[in-house]
Amino acid sequence: MRGSVYYQSAELTKAIFAEGAKKEDRIDPSSAYFGCVASYKSMETYRNVWNNLGHYLKEHWNIKDFEAITDEHISAYMAYKIEYYPSKQYLEKLSSAIGKLELALKRYTTAKYSTPKEYNFNTRQLHLDNARNLKIVVDGYHNRVYDNPNLIIQNLSKYEHRLAATIQLEGGARSEAVTLIKLPQLKGLKTDKITDKEVGVIETKEKGGKVGDVLISTTTYHNLESYLKTHKQFKINYSAYSADIRDTCLLLNIKPQGSHGFRWTFAESRVREYQRCGYSYEEALQGVSLEMKHFRASITEHYLGVSKQA
């Protein structure tokens, strides 16, 4: 499908919007109106999500055609949103809107092609359920920075979890970047151009295909290097990792903020580090944003509690 994000979402809206369609028809699988949206307000809400998704895919995946969206893209988008600790209601809205997008794409391609394309965005519900189960959705925004992250890390039950959390805290890595690390990803030591200190470098490729360096202390780097020399790979189960963080926080009477809490803490600490080294606040925001594999400086402000919803 050609055209801007807004044009494409408008075309898909035509495939699913049926003003005045009765509820009994919209829930009847045999009806031509099955799954359609009959409310202008609901359709506007869904389309706003589609537009946001379209801009995300264009920026992070270079995907400009809604017909090219796959379950992998939806999974990355949901994970991206969960990173900002959204409200339960907001995440439920995203899941519902993406469900309608799946149906709209099926209807649109059925009318357009002799052989319609297949779409299955079930991962949206898996992410929603996982976020609920791990209690990483809330009823509003709040800062997720840990006041004493090292205390939490020291008390995690597994060595692998302690190492993963340390990498997130020191380098700002996403959880997906620390659940699987292989020896070729270790790129040696270099000088951090901001602090002029020696650091270890891990090359990560996160969802969206973004390749970049995660800078960690030399001690952590050597610990990871030693681990990889005696193991085939560094691999942890995300659910078990999250549960360990949650249980440890509760044991220490600390409010659990999930593994992303270490990433938030990195952002706050790294901005201050930039400023101590003579960079302006705006330069610090942009620099940290790039280190965290974002493009816009405003994203860093979210981690600092400046913006309320990303």
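For the structure, see preceding data.
Just so we're clear, the structure is a prediction, and the values are computed from it rather than from any experiment.

Caption draft 1: Local environment of the nonpolar core. Counting 36 residues, the largest nonpolar core has Leu-12, Trp-50 and Leu-101 as its most contacted members. Sorting elements by how many residues they give to this core places helix H5 (residues 88–112) first, with nine residues. Leaving out residues up to four positions away in the same chain, Trp-50 has contacts with Ser-9, Leu-12, Thr-13, Ile-16, Met-43, Phe-66, Ala-97, Lys-100, Leu-101 and Ala-104. Grouped together as the second largest cluster of nonpolar side chains are 27 residues, Leu-163, Ala-173, Tyr-221 and Tyr-227 included.

Caption draft 2: Expanded view of unusual backbone geometry. Even without a glycine there, the phi angle at Asp-196 is positive, about 65 degrees. Tracing the sequence through the fold places Asp-196 in the loop between strand S2 (186–191) and strand S3 (198–206). Non-glycine residue Asn-253 carries a positive phi angle of around 60 degrees. With respect to the element layout, Asn-253 can be found in the loop between helix H11 (238–251) and helix H12 (260–276).

Caption draft 3: A look at the pattern of salt bridges. Following the criterion strictly, the structure yields ten salt bridges and no others. Between Glu-67 and Lys-117 there is a salt bridge, and its shortest N-O distance comes to 3.2 Å. A residue pair is termed long-range when its members are at least 10 positions apart, and Glu-67 in the loop between helix H3 (40–60) and helix H4 (71–82) and Lys-117 in the loop between H5 and helix H6 (123–133) qualify at 50 residues. Glu-67 sits in the buried class, given a relative accessible area of 3%. Linking Arg-270 and Glu-273 is a salt bridge whose minimum nitrogen-to-oxygen distance equals 2.8 Å. Highlighted residues: Arg-270 and Glu-273, both in helix H12, separated by three residues, approximately one helical turn. Under the relative-accessibility criterion, Arg-270 is labelled buried at 5%. Residues joined by salt bridges that share partners form a network here, namely Asp-192, Arg-270, Glu-273 and Glu-291.

Caption draft 4: Looking closely at H12. For H12, built from 17 residues, the straight-helix expectation of 24 Å at 1.5 Å per residue is met to within 8% by its first-to-last C-alpha distance of 24 Å. Every buried residue belonging to H12 is among His-260, Gly-261, Phe-262, Arg-263, Trp-264, Thr-265, Phe-266, Ala-267, Arg-270, Val-271 and Tyr-274, and all of these are buried. Count one or two residues on from H12 and you reach Gly-278, which has phi positive near 95 degrees.

Caption draft 5: Structural context of the packing of H3 against H5. Running from N to C, H3 and H5 cross one another at 85 degrees; their axes reach a closest spacing of 9 Å. By the criterion of interaxial angle, the relationship of H3 to H5 is roughly perpendicular. Of the residues in H5, those in contact with Thr-45, Tyr-46, Val-49, Trp-50 and Leu-53 of H3 are Lys-93, Leu-94, Ser-96, Ala-97, Lys-100, Leu-101 and Ala-104. Here the residues of the contact of H3 with H5 are counted per class, giving eight nonpolar, two polar and two charged.

Caption draft 6: Examining H11 more closely. Along its 14 residues, H11 runs 20 Å from first to last C-alpha, staying within 8% of the 20 Å computed at 1.5 Å per residue. The complete set of buried residues in H11 reads Tyr-241, Ser-242, Ala-243, Asp-244, Ile-245, Thr-248 and Cys-249. Buried residues along H11 sit in contact with helix H7 (149–154), helix H8 (159–171), helix H9 (175–178) and H12. Looking at where H11 begins, the residue whose side-chain oxygen comes 2.8 Å from the main-chain nitrogen of Ala-240 is Asn-237.

Conventions we followed
- For every chain, the first residue of the written sequence is number 1, and numbering continues from 1 along that sequence.
- The predicted nature of this model means local features are confined to residues of pLDDT at least 70 and side-chain atom pairs, given and counted, to a pLDDT of 80 or more, with totals for whole chains, interfaces and linings taken over all residues.
- Neither water nor hydrogens contribute to the side-chain values; these are computed over all heavy atoms in the structure.
- In plain words, nonpolar cores are sets of buried Ala, Val, Leu, Ile, Met, Phe, Trp, Tyr and Cys residues tied together by side-chain atoms within 4.5 Å.
- For every residue, the accessible area (1.4 Å probe, protein chains only) is compared with the maximum for its type, and the residue is labelled buried under 20%, exposed over 50%, or partly exposed between those bounds.
- Counting from the N terminus, the helices are DSSP H or I runs at least four residues long and the strands are E runs at least two residues long.
- The contact criterion used throughout is that any non-hydrogen atoms of two residues lie within 4.5 Å.
- Think of a salt bridge as a Lys or Arg side-chain nitrogen and an Asp or Glu carboxyl oxygen that are within 4 Å of each other.
- To estimate how far a helix should reach, multiply one less than its number of residues by 1.5 Å.
- All axes are obtained by fitting lines to C-alpha atoms, using only the stretch in contact for helices, and the reported angles, taken between N-to-C directions, cover 0 to 180 degrees.
- In what follows, roughly perpendicular refers to angles from 65 to 115 degrees, roughly parallel to angles under 35, roughly antiparallel to angles over 145, and oblique to any angle outside these ranges.
- Under the grouping applied here, Gly and all other residues not named as nonpolar or charged are polar, the nonpolar ones being Ala, Val, Leu, Ile, Met, Phe, Trp, Tyr, Cys and Pro and the charged ones Asp, Glu, Lys and Arg.
- Nitrogen and oxygen atoms within 3.5 Å of one another constitute a polar contact, given that in protein one can donate a hydrogen and the other can accept it, and given that sequence-neighbouring residues count only through two side-chain atoms.

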